[in-house]
Amino acid sequence: MVSKVKRPVLEGWFTEVDGQPHLVGTQCECCGTYYFPRQSVFCRNPACGGERFAEVSLSRTGKLWSFTNAMYQPPEPFIAKTPYEPHTILAVELEKEQMIVLGQGVEGVECSDLKVGMTMELVLDRLYETDDEDVITRKWAPVA
């Protein structure tokens, strides 16, 4: 059996470091503000005039800040599994970076399973597959 090539649904948005998934962000070299997705033109912190950014691997865990369900397919540029399947959408606060990142919940996690403040971790999961490849995306999963 030939294994399929794994391809990220969005190139450069996540990576694996030492076998653990991480979001790829940037940090302003002037004030230290973090960004996801990456920022490269100017710092959006109103107290900063920085224009230089370092690429960083962001925290892979955080606290659930809010959540909802997506019962209908969002419009482009959202990339969805076909046929569309409802799923949870989670807002997770990364403690070190002091920022909130939205993402899809892992399959099987319903709103009734979630509670604000619970610890979540970033995982990589198949969004869909073709004959030749597995298309991978980032998702949030509750820490057991």
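Everything numeric in this text was worked out from a predicted model, so none of it was measured. (Residues numbered from 1 in each chain as written. Predicted model: local features only at pLDDT ≥ 70, side-chain atom pairs only at ≥ 80, totals over all residues. Heavy atoms only, no water.)

Before going further, it helps to examine the pairing of strand E7 (residues 87-94). Along E7, 6 of the 8 residues are buried, which leaves the element largely enclosed by surrounding structure. Strand direction decides the pairing type here: strand E6 (residues 61-70) and E7, joined by 7 bridges, are antiparallel. Within the sheet, the bridge partner assigned to Thr68 lies in E7 and is Ile89. Two strands pair when backbone bridges link them, and E7 and strand E8 (residues 99-105) are joined in this way by 6 bridges, in the antiparallel orientation. Paired with Val92 across the bridge in E8 is Val101. Between E7 and E8, which pair antiparallel in sequence order, lie 4 residues; one of them, Gln98, sits at a positive phi of approximately 55°. (Buried < 20%, exposed > 50% of the residue type's maximum accessible area, 1.4 Å probe, protein only. Helix = DSSP H or I, 4+ residues; strand = E, 2+ residues; numbered from the N terminus. Pairing = 2+ DSSP bridges.)

Tracing the backbone through its elements, the reader meets His87 in strand E7. Looking at His87, its side chain comes within polar contact range of the main-chain oxygen of Glu85, at 3.3 Å. In this view, His87 contacts Thr68, Asn69, Ala70, Phe78 and Gln104; residues no more than four positions away in its chain are not counted. (Polar contact = N/O pair within 3.5 Å; in protein donor to acceptor, adjacent residues only side chain to side chain. Contact = heavy atoms within 4.5 Å.)

Attention now moves to the state of the cysteines. Scanning all chains against the criterion turns up 0 disulfides. Take Cys31: it sits in no disulfide, and the sulfur closest to it among the cysteines is that of Cys43, at 3.6 Å. Judged by its relative accessible area of 33%, Cys31 falls in the partly exposed class. Distance from the sulfur of Cys48, which forms no disulfide, to the nearest cysteine sulfur (Cys31) is 3.7 Å. A residue is classified by how much of its surface remains accessible, and Cys48, at 13% relative accessible area, is buried. (Disulfide = S-S within 2.5 Å.)

The subject of this paragraph is the nonpolar core. One finds Leu23, Leu58, Leu90, Met99, Val101, Met120 and Trp140 to be the most contacted residues of the largest nonpolar core, which totals 18 residues. By residue number, the principal contributor to this core is E7, which donates 3 residues. By size, the runner-up hydrophobic cluster in this structure holds 5 residues, among which are Cys28, Tyr35, Cys43 and Cys48. (Core = buried A, V, L, I, M, F, W, Y, C linked by side-chain atoms within 4.5 Å.)

Let's shift gears to the pairing of E8. Taken across its 7 residues, E8 has 5 buried, putting it largely inside the fold. Pairing of E8 with strand E10 (residues 133-142) involves 2 bridges; the strand directions are parallel. Considered in E10, the bridge of Gly105 is made with Trp140.

Mapped onto the secondary structure, Thr26 falls in strand E3 (residues 20-28). In this structure the side chain of Thr26 is engaged in a polar contact, spanning 2.9 Å, whose partner is the backbone nitrogen of Gln39. Sequence-distant contacts of Thr26, that is, excluding residues within four places in its chain, are made with Thr33, Tyr34, Tyr35, Arg38, Gln39, Phe53, Ala54, Glu55 and Val56.

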